[in-house]
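Chain residues, written in single-letter form:
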Amino acid sequence: SILDKADALREKRRQAIAKLDELLQSVFLDMFGDPVTNPKGWELFKFKYLIEKGFHNGLSPSKKGTVPAKVLTLSAVTQSPFDEKNIKEALFKSLPENKFVDKRDFLVCRGNGNLNLVGRGKFPKRSLTDTLFPDTMIAARIDQNKIMPLFIELLWDNHFIRDQIERSARTTNGTHKINQKALESIMLPLPALEFQAKYSSIASKIKKQQEGLIDSQVKLDVLFASLQQRAFKGEL
């Protein structure tokens, strides 16, 4: 009975998080329309025209490396939201400055065995001066005078973008990959900045609520695991 009640709380948190995802999508579609049909006639641009600096891949650990550092794992950008705790320790030959996590960079998953995860992208919540991003990610410094981070994050998960990414992905030894050239050619609708800013203001409030629920979900998962152990030991 105790486990059932705890599990019911976990399920309610999951449902609430999912509902906020639906709300984000609903607000987006209400303001901008479906990118596939583009009913509001927004002009389309190639992704490369919305980048302040060129794309660049992250840094691969080296077997001959002697410099220790933290590096993101792919799950930092393939899950929602961005999670800076998904890191590992590795050795590198050197630590180039442009390979550290910068909150201005849109980080994109370059390759994965799961096609649905290839090309997924997130903005870090903050710059991490002690953490690198790996060679399995591509960084794109967004020109925020043209496109806003919260707008592109939600747009990027829309099936209009996903279809383009999955068509562009190539398979090598069971791993699906997308390269910089393919990313440059992704087409995006671009509303005026004032509309993007209005959406970002609403989205940031929704995301703040969502992050609070996700933190609560993590704590409930830990609690549930602890209760399970106590139940199996007969201590409840």
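Our structure's up above, just so we're on the same page.
Now for a quick tour of the structure. Fair warning: this is a prediction, and the values are worked out from it, not measured in the lab.

One open sheet accounts for 4 strands, arranged β2-β10-β6-β8; its pairing is antiparallel. Since the sheet does not close on itself, it has two edges, and those belong to β2 (56–57) and β8 (121–122), each with one partner.

As a further point, take the nonpolar core. If you look at the biggest cluster of nonpolar residues, it comprises 38 residues, and the most contacted ones within it are Phe47, Trp156, Leu188 and Tyr199. Contributing elements (two or more residues each) for this core: α1 (2–32), β6 (105–109), β10 (137–141), α3 (149–156), α4 (159–168), α5 (180–184) and α6 (193–232). For Trp156, the residues in contact, after removing those within four places along its chain, are Phe47, Phe106, Gly119, Arg120, Gly121, Ile161, Arg162, Ile165, Leu183, Ile186 and Leu188. If you look at the next biggest cluster of nonpolar residues, it comprises 12 residues, including Phe82, Val101, Cys109 and Ala139.

Once that is clear, we can look at the layout of surface pockets. Of the volumes computed, that of the largest pocket is approximately 650 Å³. Contributing to the lining of the largest pocket are 26 residues, with Gln79, Ser80, Pro81, Phe82 and Ile214 lying nearest its centre. At the level of secondary structure, the elements contributing two or more residues to the lining of the largest pocket comprise α1, β8, α3 and α6. Broken down by element, the lining of the largest pocket gets its largest block of residues, 8 residues, from α6. Looking at the lining of the largest pocket, its residues break down into 6 nonpolar, 7 polar and 13 charged. Of the voids in this model, the second largest pocket is the one considered here, and its volume is about 340 Å³. The wall of the second largest pocket is formed by 16 residues, among which Phe123, Pro124, Lys125, Leu150 and Glu153 lie closest to the centre.

Attention now moves to the pairing of strand β9 (residues 128–132). Strand direction decides the pairing type here: strand β3 (residues 67–72) and β9, joined by 2 bridges, are parallel. Bridge assignment links Val71 to a residue of β9, and that residue is Leu132. Relative to β9, strand β5 (residues 100–101) runs antiparallel, the two sharing 2 bridges. In the strand pairing of β9, Phe100 is matched with Leu132.

Right, let's talk about the packing of α3 against α6 for a bit. It is the contact of α3 with α6, at a shortest axis distance of 8 Å, that shows an interaxial angle of 75 degrees. If you check the angle between α3 and α6, you find them roughly perpendicular. Residues Leu150, Phe151, Glu153 and Leu154 of α3 form the contact with α6, whose participating residues are Gln196, Tyr199, Ser200, Ala203, Ser204 and Lys207. Counted by class, the contact of α3 with α6 contains 5 nonpolar, 3 polar and 2 charged residues.

In this section: empty space enclosed by the protein. Enumeration according to the criterion identifies 1 cavity of 30 Å³ or more in this entry. Quantified by volume, the largest cavity comes out at close to 50 Å³. Lining the largest cavity, in full, are Phe28, Phe32, Gly33, Asp34, Pro35, Asn38, Trp42, Phe151, Pro189 and Pro191. Residues that form the lining of the largest cavity fall into these classes: 7 nonpolar, 2 polar and 1 charged.

This paragraph deals with the sheet that holds β9. Read from one edge to the other, the open sheet built from 4 strands follows the order β4-β3-β9-β5, with strand pairing classed as mixed. Among the strands making up the open sheet, the edge pair consists of β4 (87–92) and β5.

Take the side chain of Asn158 next. Along the chain, Asn158 turns up in the loop between α3 and α4. Given the relative accessible area of 5%, Asn158 is considered buried. Only 2.8 Å separates the side chain of Asn158 from the backbone nitrogen of Phe160, close enough to count as a polar contact. Among all residues touching Asn158, those that are not within four sequence positions of it are Asp34 and Pro35.

Calculation criteria
Residues numbered from 1 in each chain as written. Predicted model: local features only at pLDDT ≥ 70, side-chain atom pairs only at ≥ 80, totals over all residues. Heavy atoms only, no water. Pairing = 2+ DSSP bridges. Helix = DSSP H or I, 4+ residues; strand = E, 2+ residues; numbered from the N terminus. Core = buried A, V, L, I, M, F, W, Y, C linked by side-chain atoms within 4.5 Å. Buried < 20%, exposed > 50% of the residue type's maximum accessible area, 1.4 Å probe, protein only. Contact = heavy atoms within 4.5 Å. 1 Å grid on protein atoms, 1.4 Å probe; cavity = no way out; pocket = protein on both sides within 12 Å on 5 of 7 lines; lining within 4 Å. Points joined across faces, edges and corners; volume = space filled by probe spheres on them. Nonpolar A, V, L, I, M, F, W, Y, C, P; charged D, E, K, R; others polar. Axes fitted to C-alpha atoms, helices over the stretch in contact; angles between N-to-C directions. Parallel < 35°, antiparallel > 145°, perpendicular 65-115°, else oblique. Polar contact = N/O pair within 3.5 Å; in protein donor to acceptor, adjacent residues only side chain to side chain.

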